[in-house]
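# Structural overview
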Amino acid sequence: MSERLGKMIILTGHQGFIGTHFKRALWEKSVYLVEQDTCYKFLKHFDNWDRVTQIIHLGAISSTTETNLNRIHNFNVKFSTKLFKKAIKHQIPVKYASSASVYGNSQDRSINPLNYYALSKATVDYWVQDHMDEFKHIQGFRFFNVYGRYEDHKGNQASPVSKFTKEVRETGTITLFEGSDNFYRDFVCVSDVYNLAMNNNLDSGIYDIGTGSPVSFQYVADMVAEKEGGEIQYVPFPNHLKGKYQNFTKADMSWIKDYQYVTIPEYLQL
């Protein structure tokens, strides 16, 4: 954890993909960094809440294939609600990361989590909605398929844009699940995520962050293969993902006005 004198922003999850970008964007501000392995120690011993101007909570176990429910609950739900209770007590504004995974395969944006990670995010969202009026101000953001630089450490959890680009540059081939022309995602660049989350005048609430224009995995693979001069190799859809895999995601971006997105091909220059 790091700290400077004066007012500060608390940032969790700064070592993750999205958190790395937030930390870099906030470099001119005084930011107190909370690590996952010491997060409960932080809650117990931190006593400078009067100096905190904002909490940005991005930290979580983000693997959609994680099966240790106790571990997910401990970090994603229990810590989040304890941190939010501090925000309520000291009336500190909050921005936090939810996930589009809470929708599962529902076409009407109803909550239908397909895995433990999604369930944990939905649980926190429900808690926030139940306590919304107690916060000074809180915004949750259901991030859709975020992509950009600094994803390498995520391995198979990296976005297809980054994963396909890395794979084709290293092997000349993109490995793609059979039927990927039927799997659609709302891909959004991490720079847009930061700008939308940090630069809005919205009331407290939980909002989608995507583009509202989903494309298929096949489309992304074709674009990357064409750009990099690679080939696509198809493999069977894995059994362990059956029933836990979203077929379609689309953000509801009706809450923003006059915001211009750059289309996916422009961002393929990773």
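### Regarding the overall build of the protein chain
Tallying secondary structure elements over the protein chain gives 7 helices and 12 strands in all. Rg of the C-alpha trace for the protein chain: 19 Å, near the compact-globule value of 18 Å for 270 residues, within the 12% margin. With the C-alpha coordinates of the protein chain rotated into their principal frame, the extents come out at 55 × 40 × 35 Å. Of all 270 residues assigned to the protein chain, the portion counted as buried reaches 51%. Look at the contacts in the protein chain between residues 6 or more apart in sequence, and 80% of them connect residues 24 or more apart. In the protein chain, 30 side chains carry a positive charge and 29 a negative one; their mean positions are 8 Å apart.

### As for helix H1 (residues 17-25)
Taken as a whole, H1 has its buried residues at Phe-17, Ile-18, Gly-19, Thr-20, His-21 and Phe-22. Among the structural elements, strand E1 (8-12), strand E3 (52-57), strand E5 (138-143), strand E6 (145-147) and helix H6 (190-198) are those in contact with the buried residues of H1.

### Notes on the nonpolar core
Residues Ile-18, Phe-22, Ile-56, Leu-58, Phe-143, Val-146 and Ile-209 are the most contacted members of the largest nonpolar core, which totals 32 residues. Counting residues per element, the ones that place at least two in this core are E1, H1, strand E2 (31-34), E5, H6 and strand E10 (205-209). Other than its neighbours up to four places away in sequence, Phe-22 contacts Leu-11, Ile-56, Leu-58, Val-193, Tyr-194, Ala-197 and Met-198. Counting 30 residues, the second-largest nonpolar core is a separate cluster that includes Val-77, Phe-79, Val-128 and Met-132.

### Quick look at the confidence of the model for the protein chain
For the protein chain, the average pLDDT comes to 89, and 91% of its residues sit at 70 or higher. A low-confidence stretch, residues 260-270 (pLDDT under 50), is modelled with 29 contacts involving residues beyond four sequence positions or located in other chains.

### Details of the pairing of E2
Of the two faces of E2, both are covered, the one formed by Val-31 and Leu-33 as well as the one formed by Tyr-32 and Val-34. Alignment of E1 against E2, held across 4 bridges, turns out to be parallel. When the sheet's bridge partners are listed, Thr-12 is paired in E2 with Val-34. A crossover links E1 with its parallel partner E2, the connecting element being H1, and its sense is right-handed.

### A few points about the side chain of Arg-51
Note that Arg-51 resides in the loop between helix H2 (39-45) and E3. Within the local environment of Arg-51, its side chain forms a polar contact with the backbone oxygen of Gly-6, the two atoms lying 2.9 Å apart.

### Observations regarding the pattern of salt bridges
Inspection of every chain in the model, using the stated rule, returns 7 salt bridges. Two residues, Arg-109 and Asp-208, come together in a salt bridge whose shortest N-O distance is 3.0 Å. Here Arg-109, found in the loop between strand E4 (94-99) and helix H4 (116-130), pairs with Asp-208, found in strand E10; they are 99 residues apart in sequence, far enough to count as distant. A residue is classified by how much of its surface remains accessible, and Asp-208, at 1% relative accessible area, is buried. For Arg-169, the salt bridge is made with Glu-228, and the minimal N-O distance between the two is 3.1 Å. Highlighted residues: Arg-169 in helix H5 (residues 160-171) and Glu-228 in helix H7 (residues 217-228), separated in sequence by 59 residues. On the basis of relative accessibility, which here comes to 46%, the residue Arg-169 falls in the partly exposed class. When its relative accessible area of 26% is taken as the criterion, Glu-228 is described as partly exposed. Within this structure, Arg-109, Asp-208 and Asp-252 form a network of salt bridges that share partners.

Parameters and conventions
- Residues numbered from 1 in each chain as written.
- Predicted model: local features only at pLDDT ≥ 70, side-chain atom pairs only at ≥ 80, totals over all residues.
- Heavy atoms only, no water.
- Helix = DSSP H or I, 4+ residues; strand = E, 2+ residues; numbered from the N terminus.
- Rg over C-alpha atoms; globule rule 2.2 N^0.38 Å.
- Buried < 20%, exposed > 50% of the residue type's maximum accessible area, 1.4 Å probe, protein only.
- Contact = heavy atoms within 4.5 Å.
- Lys, Arg positive; Asp, Glu negative; His and termini not counted.
- Charge placed at Lys NZ, Arg CZ, Asp CG, Glu CD.
- Core = buried A, V, L, I, M, F, W, Y, C linked by side-chain atoms within 4.5 Å.
- pLDDT = per-residue confidence, 0-100.
- Pairing = 2+ DSSP bridges.
- Right-handed = clockwise from strand over helix to strand, strands pointing away.
- Polar contact = N/O pair within 3.5 Å; in protein donor to acceptor, adjacent residues only side chain to side chain.
- Salt bridge = Lys/Arg side-chain N within 4 Å of Asp/Glu carboxyl O.

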